[in-house]
Structures are given as C-alpha cells and as structure tokens.
Amino acid sequence: MTPANDNAPTLVSLNDAARMTSLSRTMVNRYRAEGRFPSAIPLGDRRIAFIRSEITAWIQARIDAVRTATPATSPWDDPSFSLSGKPQHSVYEKRGFIDTAA
C-alpha cells in the first residue's frame, strides 16, 4: 500500500524516537524539557508522537556539529590536569628536588 502523499509527515512514538536516536526515553524527555529536542505532538491524554523528519533533522544536526567542530584538546594532554581540581606537581617538586619558586 502506497500513501497518496509521500510528503505527508510521519509520526513516530516516543519509543521509536528513542530507538532512532539511541537515547533512552528518559533522556529524550529530559532533552525535550530543556528545549534540546524536537517538540512532541500530543495525540491524546497520555500519548505523544514526534514528526519523523524533525527527529531525522535533529540527528543530522548532531552529526554535523561533531563533524564541523574543532577538535577539543583532552584534559589528559595537560600535564597540570588533576581530577581533584588542584594543580598537579611532579614527585620531584613535592619532595623539594626542583625549586618551583623561580
């Protein structure tokens, strides 16, 4: 059966939207609440759906953002990086073998 209008919007359920994006339903709802995901279309008192083309465009926008972004430097590349937020010092500095006052 072929639809009469192939350009008609297609609705997908919350579960389908989660599958399409590989996000959990919880993350889809969180992103919706934050305005970071396409709006849902209310279908009834307890039923929503999404427009498939909007979900597809959202996915493509995420891919494009990653592909065009400048590569971020990893914090692990910074020798002074510390998970505690305190500056890292070498063992030699800690034991006084290197004068850091200079």
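Remember, it's a predicted structure, so these values are computed and weren't measured experimentally.

Participant: Quick rundown of the sheet that holds strand S3 (residues 47–51)? Include the residues and the values.
Facilitator: What holds strands together in a sheet is hydrogen bonding between their backbones, with the strands either parallel or antiparallel. What the 3 strands build is an open sheet, ordered S1-S3-S2; its pairing is antiparallel. Where the open sheet ends on each side, the last strands, each with one partner, are strand S1 (11–12) and strand S2 (41–44). Across 2 bridges, S1 lies against S3 in antiparallel orientation. From the neighbouring strand, Val 12 faces S3, where its bridge partner is Phe 50.

Participant: Can you lay out the layout of surface pockets for me, pointing to particular residues and giving the numbers?
Facilitator: Roughly 150 Å³ of volume is contained in the largest pocket. If you trace the largest pocket, you find it lined by Ser 13, Leu 14, Asn 15, Arg 25, Asn 29, Arg 32, Arg 46, Arg 47 and Ile 48. Elements that contribute at least two residues to the lining of the largest pocket include exactly helix H1 (14–21), helix H2 (25–33) and S3. Here the lining of the largest pocket gets 3 residues from one element, more than from any other, and that element is H2. In terms of residue class, the lining of the largest pocket is made up of 2 nonpolar, 3 polar and 4 charged.

Criteria and cut-off values
Residues numbered from 1 in each chain as written. Predicted model: local features only at pLDDT ≥ 70, side-chain atom pairs only at ≥ 80, totals over all residues. Heavy atoms only, no water. Pairing = 2+ DSSP bridges. Helix = DSSP H or I, 4+ residues; strand = E, 2+ residues; numbered from the N terminus. 1 Å grid on protein atoms, 1.4 Å probe; cavity = no way out; pocket = protein on both sides within 12 Å on 5 of 7 lines; lining within 4 Å. Points joined across faces, edges and corners; volume = space filled by probe spheres on them. Nonpolar A, V, L, I, M, F, W, Y, C, P; charged D, E, K, R; others polar.

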